[in-house]
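# Topology and contacts: notes
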Amino acid sequence: MVQKYGGTSVGDADRIRAVAEHVARTRRAGHDVVVVVSAMGRTTDDLIRLAGEVSSSPSPREYDMLVSVGERITAPLVCMALGDFGVPAVSFTGSQAGIITTPEHSRAKIIEVRGDRVREALAEGKVAVVAGFQGVSTERNVTTLGRGASDTTAVALAAALGASMCEIYTDVTGVFSADPRVVPNAKRLARVSFDEMLEISATGGRVLMLRSVEFARRHHVTLHVRSSFTWEPGTIVTEEDPTMEQAVVTAVTHDISEAKITVAGVVDRPGVAGRLFRALATKSINVDMIVQNISSHGTTDISFTLPRLDLKTGVEVCNELANELGASGVSSDDAIGRVSVIGAGMKTHPGVTAAMFETLAREDINIEMISTSTIRISCVVREEDVERAVRSLHDAFELG
Ligand code: ADP
Ligand code: ASP
Ligand code: MG
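Reference entry: report on the structure contained in this document. Computed from a prediction, not measured in an experiment: that's the story for all the values here.

### A closer look at the overall build of the chain
- Helix and strand counts for the chain come out as 12 helices and 20 strands.
- For a compact globule of 400 residues, the expected C-alpha radius of gyration is about 21 Å, and the chain comes in at 23 Å, within 12% of that figure.
- In terms of its C-alpha atoms, the chain occupies a principal-axis envelope of roughly 75 × 50 × 35 Å.
- Considering the chain as a whole, with its 400 residues, one finds that 50% of them fall into the buried category.
- Total accessible area on the chain stands at roughly 18,200 Å², and carbon and sulfur atoms take up 50% of it.
- Looking at the chain, you have 41 positive and 51 negative side-chain charges, and the mean spots of the two groups are 4 Å apart.

Take a look at the structure:
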């Protein structure tokens, strides 16, 4: 059994003792346990802020050496607490646990999980407690895997060790029909398919990091998202059950971490979009929604969304290319938000798009961009309208 505990779940000494007690209980039930921990409370945010205070552009290597420390504090503390419950335990850094990654700092990807020392610890009857969020690169540097990536560490270990289940303990009782902090009557979902969970995570439902869900689906790891405060059963994330009728709409999500760039008046000829988006990709910028208008007089406007953290670089890239693309201007907007409705049943059920647009219209919320997949519809709106949009859609689709 792999159990991952998020930041709030290990936020102070009492919480760490409560977690250790639960791990001891799981062991008594006959499981070998691997624990993956996050940094305590807001430690990671504090470390990131410190880095920003001493340097305007910290070296990526030193940045990862610093921000990976949070998890390395939690792991030995959990082991010490386990000792008091009579459970032998040993802590490992990501590197010691054999989490081998690509070299790009802050967004490294896992290439391989060796896990030898974790297996040895289990064979000796110990609980292995692994610092999440980090690994070691093929160039032997400490790397981190992106915000929220302790989820990914846990799923990767579960896959590598052939665990029967990966439990993700957090501060809510499961995956909800919307963020329960925004929609008070949001409902806990007993079961979610990987396809739906991928869309939920990709569109702002941060309860599971997107990459951890991709990993779980690829390696057939069933996830159980649940609360470390109440310990009640939560949400099972697994393969779709073909015998079950699919809900038309399962969840409404929102995301206010993106910004929009518009490159106006670019010449309308083959190769222009390729040139622009290649330049952005070279800077590792993940572009999301893209809209291109019909051209008039041989020119067109291209708008796209990207993470706010990458906005400055994105604008620089566009400005550098503006001349070559014949663009008349580059503008940016970081006060946007995205609302999405997700549901596997939408594939075979017309009218969801219309119902979404009508609901937003009734709230007098203007839609700036639209994108869809077979099981999702997303709209970009003003940031200040996002929460109202989420609540009205949640009501309109009767998800409460
Ligand atoms: P952890 O530190 O345990 O990893 P996170 O803060 O990363 O916890 O994720 C849990 C949070 O995700 C919840 O507190 C909740 O506010 C937020 N959240 C957003 N959307 C959802 C959703 N659809 N269901 C459950 N939680 C959600
Ligand atoms: N501590 C890291 C973060 O805050 C990783 C995690 O919590 O999953 O992003
Ligand atoms: Mg998280």
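On we go.
### Re the packing of helix α6 (residues 150–161) against helix α8 (residues 210–218)
- The geometry of α6 relative to α8 is characterised by a closest axis approach of 8 Å and an angle of 15° between their N-to-C directions. The orientation of α6 relative to α8 falls into the category roughly parallel. Here α6 runs over α8; the crossing is left-handed. Touching Asp151, Thr152, Val155, Ala156 and Ala159 of α6 are Arg211, Ser212, Phe215 and Ala216, all from α8.

### Brief notes about the pairing of strand β2 (residues 34–37)
- Side chains Val34 and Val36 of β2 all project onto a buried face; the interleaved residues Val35 and Val37 project onto the opposite face, where all are buried too.
- The parallel pair strand β1 (residues 2–5) and β2, bridged by helix α1 (residues 13–28), forms a crossover whose chirality is right-handed.
- In this structure, β2 lies alongside strand β6 (residues 127–131), joined through four bridges in parallel fashion. Each bridged residue has a counterpart across the sheet, and for Val34 the counterpart in β6 is Ala128.

### Some thoughts on the pattern of salt bridges
- Scanning the model with the defined rule gives 25 salt bridges in all.
- One salt bridge connects Arg275 with Glu324, and the closest N-O pair in it is separated by 2.5 Å. Of the two residues, Arg275 sits in helix α9 (residues 272–282) while Glu324 sits in the loop between α10 (311–322) and β17 (329–333), which places them 49 residues apart along the sequence.
- You can call Arg275 partly exposed: its relative accessible area is 37%.
- In this structure, a network of salt bridges that share partners links the residues Lys260, Asp333, Glu368 and Arg382.

### Comments concerning the nonpolar core
- Counting 44 residues, the largest nonpolar core has Val34, Val118, Cys166, Met197, Leu208 and Leu223 as its most contacted members.
- When residues in this core are grouped by element, the largest group, five residues, is from α6.
- In this structure Val118 touches Val34, Phe92, Ala97, Ala128, Val130 and Leu161, once residues within four positions along its chain are discounted.
- By size, the runner-up hydrophobic cluster in this structure holds 24 residues, among which are Ala186, Met346, Val381 and Phe397.

### Quick notes on the site of ligand 1
- Residues in close proximity to ligand 1 total 17 residues, the closest being Thr170, Asp171, Phe176, Arg181 and Arg206.
- Here an oxygen atom of ligand 1 sits 2.7 Å away from a polar atom, N or O, in the side chain of Thr170.
- Separating an oxygen atom of ligand 1 from a side-chain N or O atom of Asp179 is a distance of 2.9 Å.
- Coverage of ligand 1 by the protein amounts to 90% of the 570 Å² it exposes when considered alone.
- When grouped by side-chain class, the residues that make up the shell around ligand 1 number seven nonpolar, five polar and five charged.

### Focus: the site of ligand 2
- Neighbouring ligand 2 are the residues Ser38, Thr44, Glu71, Phe133, Arg147, Gly148, Ala149 and Ser150.
- Thr44 places a polar side-chain atom, nitrogen or oxygen, 2.8 Å from a nitrogen atom of ligand 2.
- Within the contact set of ligand 2, an oxygen atom lies 3.0 Å away from a backbone nitrogen or oxygen of Ser150.
- Protein coverage of the free-state accessible area of ligand 2, which is 260 Å², stands at 87%.
- Grouping the amino acids of the shell around ligand 2 by side-chain chemistry returns two nonpolar, four polar and two charged.

### Remarks on helix α7 (residues 194–202)
- Counting buried residues along α7, seven of its nine residues qualify, which places the element largely inside the surrounding structure.
- Within two residues after α7, Gly204 carries a phi angle of roughly 115°, on the positive side.

### Focus: the packing of aromatic side chains
- Within this structure, the stated rule accounts for three aromatic pairs.
- Aromatic side chains Phe277 and Phe304 sit 5.3 Å apart centroid to centroid with 75° between the ring planes, which places their arrangement in the edge-to-face category. In this pair, Phe277 is assigned in helix α9 and Phe304 in strand β16 (residues 299–307), connecting sequence segments 27 residues apart. Taken as a pair, Phe277 and Phe304 share a single burial class, namely buried.
- Here the aromatic residues Tyr5, Tyr169 and Trp231 are joined through ring pairs into a cluster of three or more.
- The cationic tip of Arg15 hangs over the ring face of Phe229; the distance from NZ or CZ to the ring centre is 3.8 Å.

### A look at the sheet that holds strand β19 (residues 369–373)
- Judged by pairing direction, the sheet is antiparallel, and its four strands sit side by side in the order β13-β18-β20-β19 without closing on themselves. Two strands in the sheet have a free side with no partner beyond their single neighbour: β13 (251–255) and β19. Each neighbouring strand pair of the sheet contributes to a mean axis angle of 20°, computed without reference to strand direction.
- Pairing of strand β18 (residues 336–342) with strand β20 (residues 376–382), which is carried by seven bridges, proceeds in the antiparallel orientation. Across the sheet, the residue bridging to Ser340 is Ser378, located in β20.

### Considering the sheet that holds strand β15 (residues 290–292)
- Strand order in the open sheet formed by four strands is β15-β16-β14-β17, and the pairing between neighbours is antiparallel. Where the open sheet ends on each side, the last strands, each with one partner, are β15 and β17. Between one strand axis and the next, the sheet turns by 15° as a mean value, whatever way the strands run.
- Where β15 and β16 come together, three bridges link them in antiparallel fashion.

The rules behind the values
- Numbering of residues starts from 1 in each chain and follows the order in which that chain's sequence is written.
- As a convention, the first chain written is A and the first ligand written is 1, with the rest following in written order.
- It should be noted that, the model being predicted, local features are given only for residues of pLDDT at least 70 and side-chain atom pairs only at 80 or more, the latter also being counted only at that level, while totals for whole chains, interfaces and linings use all residues.
- Calculated side-chain values reflect all of the structure's heavy atoms, with hydrogen atoms and water omitted.
- A helix here means a DSSP run of H or I that spans at least four residues, while a strand means a run of E at least two residues long, and both kinds are numbered starting from the N terminus.
- Computation of the radius of gyration draws on C-alpha atoms alone. For the globule rule, the value is 2.2 Å times the number of residues to the power 0.38.
- Summary of the burial criterion: residues with accessible area below 20% of their type's maximum are buried, those above 50% are exposed, and those between are partly exposed, where the area comes from a 1.4 Å probe applied to protein chains only.
- In short, Shrake-Rupley with a 1.4 Å probe defines the accessible areas, and a residue's cover is counted only from the protein chains shown.
- Counted as positive: Lys and Arg. Counted as negative: Asp and Glu. His and the chain ends are not counted at all.
- Taken as the charge centre is NZ of Lys, CZ of Arg, CG of Asp or CD of Glu, depending on the residue.
- Each axis is a line fitted through C-alpha atoms, and for a helix only the stretch in contact is used; angles between axes span 0 to 180 degrees, taken between their N-to-C directions.
- To sort the angles, those under 35 degrees are grouped as roughly parallel, those over 145 as roughly antiparallel, those from 65 to 115 as roughly perpendicular, and the leftovers as oblique.
- Put simply, a crossing is left-handed when the front helix is turned counterclockwise from the back one by less than a right angle, and right-handed when it is turned clockwise.
- Any two residues having at least one pair of non-hydrogen atoms within 4.5 Å are treated as being in contact.
- Note on handedness: a clockwise path from strand one over the helix to strand two, with the strands aimed away from the viewer, defines a right-handed crossover.
- For two strands to count as paired, DSSP must find a minimum of two bridges between them.
- Salt bridges are identified by distance alone: a Lys or Arg side-chain nitrogen within 4 Å of an Asp or Glu carboxyl oxygen.
- For our purposes a nonpolar core is just a set of buried Ala, Val, Leu, Ile, Met, Phe, Trp, Tyr and Cys residues, chained together by side-chain atoms within 4.5 Å.
- When we say a residue is near a molecule or strand, we mean one of its heavy atoms is within 4 Å of it.
- Residues adjacent in sequence count toward polar contacts only when both atoms are side-chain atoms; beyond that, a polar contact is any pair of N or O atoms within 3.5 Å, and within protein one must be able to donate a hydrogen and the other to accept it.
- Amino acids are sorted into nonpolar (Ala, Val, Leu, Ile, Met, Phe, Trp, Tyr, Cys and Pro), charged (Asp, Glu, Lys and Arg) and polar (every other residue, Gly among them).
- Working definition: rings of Phe, Tyr and Trp (its six-membered ring) pair if their centres are within 6.5 Å, and the pair is stacked with planes under 30 degrees apart, edge-to-face with planes over 60 apart, and tilted otherwise.
- As a reminder, the over-ring test applies to NZ of lysine and CZ of arginine, requiring each to be within 6 Å of the ring centre and within 35 degrees of the ring normal.

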